[in-house]
Amino acid sequence: MSQPVILDGKATAAQIKEELANQVIDIKSKGGKVPHLAAVLVGDDGASRTYVNSKVKSCEKIGFDSSLIQLDSGISEADLLAKVKELNEDDSIDGYIVQVPLPEHIEEQKVTLAIDPKKDVDGFHPENLGRLVLGLPTFVSATPNGILELLKRYNIETEGKHCVVIGRSHIVGTPMSILMGQNKNPGNCTVTLAHSRTKNLKEVAASADILIVAVGRPNFVTAEMVKEGAVVIDVGIHRIEDASKKNGFRLIGDVQYDAVANKCSHITPVPGGVGPMTIASLMQNTLKAIELRK
Ligand code: NAD
């Protein structure tokens, strides 16, 4: 098989950000409100801090306003909910995210439910997930939205294809499977949602024309799980030790990249695939939030 097309999320995200930056210039020239994204970070988990910082930095680069709200890991659930209420009522903020995971003493679901759905740019609130299921305008959560954008911008035909999504989390696998089955483009696939209880996962995965992997296990998908010529989207991100790197680690995905790349037609790299698209999608959702609140 010839070399696959690399679905370059880094370059595509850069293009989206440039488009957004131009929209900000346009908004400013008309005296409109510049989009403002706030990010709440509870505690100081290294990975969460990295994600939040890159979201805030991306905002600055494209001319959005941004606020980083850092809270101590010992904050009570009531105080965090009070902060959420404050953000809901703050008219200067168009959208915000509360970075997960939260410390164990805080019930994530309570926080999600407290977020104003019109400011829920992560798209995790049940109202937004419900709208997604019904195909109504909503905030599609950033990772699935980024994957759709990548499929669209690379003109990948999805109609009538068999799409297998592995992993059924509320933020990636489940919404992704719903979106790929909808009567839209990208969409119109015959969808299989595979998960930890799926039998014959190898055979199921190997029957996919489009394989979307969000399992959270490094190198989980091997070449024998991939059909010749399939489109492979790798959502996983894992840090593994690598003494040859300055920072002592490198990033890998849920897919055994080298072996699978020899077989498939298109593949997302890790890093530089789905990750940057997720951030670009969050920015798109923040711009959308202004429209929704008008
Ligand atoms: P999660 O842990 O919430 O869900 C994992 C899913 O995989 C579960 O539904 C489970 O049923 C399934 N699973 C686990 N073991 C399995 C097995 N042996 N066989 C089949 N299915 C199995 O994870 P998540 O939040 O969906 O994230 C998945 C991965 O994607 C993680 O590595 C995460 O870091 C990464 N992620 C990346 C981005 C990004 O922007 N690139 C965004 C979100 C998550």
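Report on the accompanying structure. (Residues numbered from 1 in each chain as written. Predicted model: local features only at pLDDT ≥ 70, side-chain atom pairs only at ≥ 80, totals over all residues. Heavy atoms only, no water.)

## Describing unusual backbone geometry
Each neighbour pair has its own omega, and for asparagine 185 with proline 186 the value is -5°, a cis peptide bond. The residue proline 186 is located in the loop between helix H7 (173-181) and strand S6 (190-194) in this model. For the peptide bond that leads from valine 270 to proline 271, omega is 0°, which places it in the cis range. In this structure, asparagine 155 takes a positive phi of about 50° despite not being glycine. With respect to the helices and strands, asparagine 155 occurs in the loop between helix H6 (142-153) and strand S5 (162-166). (Helix = DSSP H or I, 4+ residues; strand = E, 2+ residues; numbered from the N terminus.)

## Notes on the site of the ligand
In the vicinity of the ligand lie 22 residues, with Arg168, Ser169, His195, Val235 and Thr278 positioned nearest. One of the backbone nitrogen or oxygen atoms of serine 196 is found 3.2 Å away from a nitrogen atom of the ligand. Between the ligand and arginine 217 there is a distance of 3.2 Å, counted from a nitrogen atom to a side-chain nitrogen or oxygen. Within the complex, the protein chains bury 73% of what would otherwise be the 860 Å² of accessible surface of the ligand. Looking at the shell around the ligand residue by residue, the classes come out as 10 nonpolar, 10 polar and two charged. (Near = heavy atom within 4 Å. Polar contact = N/O pair within 3.5 Å; in protein donor to acceptor, adjacent residues only side chain to side chain. Areas by Shrake-Rupley, 256 points an atom, 1.4 Å probe, with all protein chains shown as cover. Nonpolar A, V, L, I, M, F, W, Y, C, P; charged D, E, K, R; others polar.)

## Some remarks on the pattern of salt bridges
Side-chain pairing between opposite charges can occur once the charged atoms of the two side chains come close. Considering all chains together, one arrives at 10 salt bridges under this definition. Across the salt bridge formed by aspartate 26 and lysine 30, the nearest N and O atoms sit 3.0 Å from each other. Residue aspartate 26 is classed as partly exposed on the basis of its relative accessible area of 37%. Between lysine 202 and glutamate 224 there is a salt bridge whose closest N-O contact spans 3.3 Å. Of the two residues, lysine 202 sits in helix H8 (residues 201-206) while glutamate 224 sits in the loop between strand S7 (210-213) and strand S8 (231-234), which places them 22 residues apart along the sequence. Among the residues examined, glutamate 224 registers a relative accessible area of 52% and is labelled exposed. A single network of salt bridges, built from pairs that share partners, joins Glu19, Glu149 and Arg153. (Salt bridge = Lys/Arg side-chain N within 4 Å of Asp/Glu carboxyl O. Buried < 20%, exposed > 50% of the residue type's maximum accessible area, 1.4 Å probe, protein only.)

## Points about the sheet that holds strand S2 (residues 36-42)
The pairing of strands in a sheet comes from backbone hydrogen bonds and takes either a parallel or an antiparallel form. Here three strands make up an open sheet; going across it, the order is S3-S2-S4 and the pairing parallel. Each edge of the open sheet carries a strand with a single partner, namely strand S3 (65-71) and strand S4 (95-98). Strand-to-strand twist across the sheet, computed as the mean angle between neighbouring axes with direction ignored, equals 15°. Where S2 lies against S4, four bridges are found, and the strand directions are parallel. Along S4, the bridge assignment pairs valine 40 with valine 98. (Pairing = 2+ DSSP bridges. Axes fitted to C-alpha atoms, helices over the stretch in contact; angles between N-to-C directions.)

## Overview of a nonpolar patch on the surface
Among the surface-exposed residues, Val133, Leu134 and Leu136 lie close enough to one another that they form a single nonpolar patch of about 290 Å² accessible area. In this fold, leucine 136 is placed in the loop between helix H5 (126-134) and H6. Since its relative accessible area comes to 39%, leucine 136 is described here as partly exposed. (Patch = residues over 30% accessible without salt bridge, like charges linked within 9 Å, V, L, I, M, F, W, Y side chains within 5 Å.)

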